[in-house]
Amino acid sequence: MASVLEIKDLHVSIEGKEILKGVNLTIKQGEIHAIMGPNGTGKSTLSSAIMGHPKYEVTQGEVLLDGENVLEMEVDERAQAGLFLAMQYPSEISGVTNADFLRSAINSRREEGQEINLMQFIKKMDKQMDFLEMDPDMATRYLNEGFSGGEKKRNEILQLMMLEPKFAILDEIDSGLDIDALKVVSKGINEMRGENFGCLIITHYQRLLNYITPDHVHVMMQGRVVKSGGEELAQRLEAEGYDWIKQELDIQDEAAE
Ligand SMILES: Nc1ncnc2c1ncn2[C@@H]1O[C@H](COP(=O)(O)OP(=O)(O)OP(=O)(O)O)[C@@H](O)[C@H]1O
Ligand SMILES: [Mg+2]
């Protein structure tokens, strides 16, 4: 049966300030959702809170993966349960190679005795790196250390393809990519697309959605999902910006509240 990720009335504060003010969103496996929205409206906060970043305090609501509240799980349990986050700014880890990181990430998601063996791992990694047109040297370099912005993003997609999560949240996976890299990253996401994968793509640009057709597009403003639609919504935002939504919903600028 297809898994479901349900975000219900999620309120999140950072250092006492409420950033998310009741987010509702349901993603089923097989679906690709896109979230767009002005800077500072809480898109990255949503992904960090779901993955359990300690700075983000959930004050109300729940996030259910097949009915189980992931907010009650330890951070590593969330990944083991099948959630994956590609961060807007991926961290660098010195002293850990990309390959070692990936292999232990895969094995930490498996039962004891079911670990991927070294040969299987190398074969799979070679195949995916080739698919993503990555330089083989990237496997033995320290994770993200000295990677260019675009290389980090491509590497996030490598992690996605190696880990094969149930659900992925991809935060600005398209930012800073050249045109060829954008195509490769999109190719990776489209390769993952299928009945065992659900995805939430956070993006500012409709351009990415020319390559990955979303099933649903949502607009986040001031800590809430204020509008949902199909890909035509992304096209309208690209052409007209956000003012028309503010007018339609009578949303005042935050400073004027
Ligand atoms: N660690 C933090 N400490 C203090 N404030 C924070 C922190 N993280 C986020 N914020 C604030 O929360 C608000 C929402 O930030 P968030 O990063 O979620 O926005 P965003 O929608 O992802 O924006 P962008 O499109 O620019 O990436 C902003 O006002 C930001 O300054
Ligand atoms: Mg962000």
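These numbers were taken from a predicted model, which means no experiment stands behind them.

**Student:** Please give an account of the packing of aromatic side chains that cites residues and values.
**Tutor:** The final tally for this structure, using the stated rule, is zero aromatic pairs. Directly above the ring of Phe131 sits Lys187, whose terminal nitrogen or CZ lies 4.4 Å from the centroid. The positively charged end of Arg236 is found above the aromatic ring belonging to Trp244, 3.5 Å away from the centroid.

**Student:** Would you mind going over the packing of helix α4 (residues 118-131) against helix α5 (residues 149-163) in detail, with residue names and values included?
**Tutor:** In the contact formed by α4 and α5, the axes pass within 10 Å of each other and the chain directions differ by 135 degrees. The pairing of α4 with α5 is recorded here as oblique in orientation. The interaxial crossing formed by α4 with α5 has right-handed handedness. Touching Phe121, Lys124, Met125, Gln128, Met129 and Phe131 of α4 are Leu158, Met161 and Met162, all from α5. A breakdown of the residues in the contact of α4 with α5 according to their chemical character gives seven nonpolar, one polar and one charged.

**Student:** Report on helix α6 (residues 179-192), specifying residues and quantitative values.
**Tutor:** Between its first and last C-alpha, α6 extends 20 Å over 14 residues, near the 20 Å set by a 1.5 Å rise per residue. Here α6 has its buried residues at Ala181, Leu182, Val184, Val185, Ser186, Gly188, Ile189 and Met192. Looking at the buried residues of α6, the elements they touch are β3 (32-36), α4, α5, β7 (167-171), β8 (198-202) and α7 (206-211). Where α6 starts, the residue carrying a side-chain oxygen 2.9 Å from the main-chain nitrogen of Asp180 turns out to be Asp178.

**Student:** Can you explain the site of ligand 1? Please cite residues and give values.
**Tutor:** Taken together, 14 residues lie around ligand 1, and Gly40, Lys43, Ser44, Thr45 and His204 are the ones closest in. Between an oxygen atom of ligand 1 and a side-chain N or O atom of Asn39, the distance comes to 2.9 Å. At 3.1 Å from an oxygen atom of ligand 1 is found a side-chain nitrogen or oxygen belonging to Gln88. Protein coverage of the free-state accessible area of ligand 1, which is 630 Å², stands at 67%. By residue number, the principal contributor to the shell around ligand 1 is helix α1 (residues 43-51), which donates three residues. Here the shell around ligand 1 is built from residues that sort into three nonpolar, eight polar and three charged.

**Student:** Can you tell me about the packing of helix α3 (residues 98-108) against α4, naming the residues and giving the values?
**Tutor:** The interhelical angle for the contact between α3 and α4, taken along N-to-C directions, is 115 degrees, at an axis separation of 11 Å. The handedness of the crossing between α3 and α4 comes out as right-handed. In this structure, α3 uses Ala99, Leu102, Arg103 and Ile106 to contact α4, whose residues at the interface are Leu118, Phe121 and Met125. Across the contact of α3 with α4, the residue classes tally to six nonpolar, no polar and one charged.

**Student:** Explain the coordination of the magnesium ion (ligand 2) to me, using residue names and the numbers behind them.
**Tutor:** Around a metal, the perfect tetrahedron of four donors has angles of 109.5 degrees, and the perfect octahedron of six donors has angles of 90 or 180 degrees. Around the magnesium ion (ligand 2), the protein supplies Ser44 (OG) and Gln88 (OE1) as donor atoms, at distances of 2.0 to 2.2 Å. Of this pair, Ser44 sits in helix α1 while Gln88 sits in the loop between β6 (83-86) and α3, and the two are 44 residues apart along the sequence.

**Student:** Describe unusual backbone geometry, listing the residues and the values that go with them.
**Tutor:** Positive phi, normally seen in glycine, also occurs at Asp9, with a value near 45 degrees. Topologically, Asp9 is positioned in strand β1 (residues 4-14). The phi dihedral of Glu164 is positive, around 45 degrees, even though this residue is not glycine. Structurally, the position occupied by Glu164 is in the loop between α5 and β7.

**Student:** Can you explain the UniProt feature "domain: ABC transporter" (unreviewed entry) in the chain? Please cite residues and give values.
**Tutor:** Listed under "domain: ABC transporter" (unreviewed entry) in the UniProt record, and renumbered for this structure, are residues 5-247. Structurally, residues 5-247 is divided into 37% helix and 27% strand, and its ends, taken at the C-alpha atoms, are 31 Å apart.

**Student:** Go over the sheet that holds strand β9 (residues 216-221) with me, naming the residues and quoting the values.
**Tutor:** Pairing within the open sheet is mixed, and its six strands lie in the order β6-β7-β8-β3-β9-β10. Each end of this open sheet is capped by a strand with a single partner; those strands are β6 and β10 (224-229). In this sheet, neighbouring strand axes are inclined to one another by 20 degrees on average, regardless of whether the strands run parallel or antiparallel. Here β3 pairs with β9 via four bridges, running parallel.

**Student:** Tell me about a negative patch on the surface, and name the residues and values.
**Tutor:** Residues Glu62, Asp66, Glu68, Glu72, Glu74, Asp76 and Glu77 make up a contiguous surface patch of negative charge. Along the chain, Glu68 falls in strand β5 (residues 68-69).

Here is what the cut-offs are and how they apply
- Residues numbered from 1 in each chain as written.
- Chains lettered and ligands numbered in written order.
- Predicted model: local features only at pLDDT ≥ 70, side-chain atom pairs only at ≥ 80, totals over all residues.
- Heavy atoms only, no water.
- Phe/Tyr/Trp six-rings, centres within 6.5 Å; stacked < 30°, edge-to-face > 60°.
- Lys NZ or Arg CZ within 6 Å of the ring centre and 35° of its normal.
- Axes fitted to C-alpha atoms, helices over the stretch in contact; angles between N-to-C directions.
- Helix = DSSP H or I, 4+ residues; strand = E, 2+ residues; numbered from the N terminus.
- Parallel < 35°, antiparallel > 145°, perpendicular 65-115°, else oblique.
- Left-handed = near helix turned anticlockwise from the far one by under 90°.
- Contact = heavy atoms within 4.5 Å.
- Nonpolar A, V, L, I, M, F, W, Y, C, P; charged D, E, K, R; others polar.
- Expected span 1.5 Å × (residues − 1).
- Buried < 20%, exposed > 50% of the residue type's maximum accessible area, 1.4 Å probe, protein only.
- Polar contact = N/O pair within 3.5 Å; in protein donor to acceptor, adjacent residues only side chain to side chain.
- Near = heavy atom within 4 Å.
- Areas by Shrake-Rupley, 256 points an atom, 1.4 Å probe, with all protein chains shown as cover.
- Donors = N, O, S within 2.8 Å, 3.2 Å for Na, K, Ca; no water.
- UniProt positions renumbered as here; feature names shortened; annotations may be inferred.
- Pairing = 2+ DSSP bridges.
- Patch = residues over 30% accessible without salt bridge, like charges linked within 9 Å, V, L, I, M, F, W, Y side chains within 5 Å.
- Salt bridge = Lys/Arg side-chain N within 4 Å of Asp/Glu carboxyl O.
- Lys, Arg positive; Asp, Glu negative; His and termini not counted.
- Charge placed at Lys NZ, Arg CZ, Asp CG, Glu CD.

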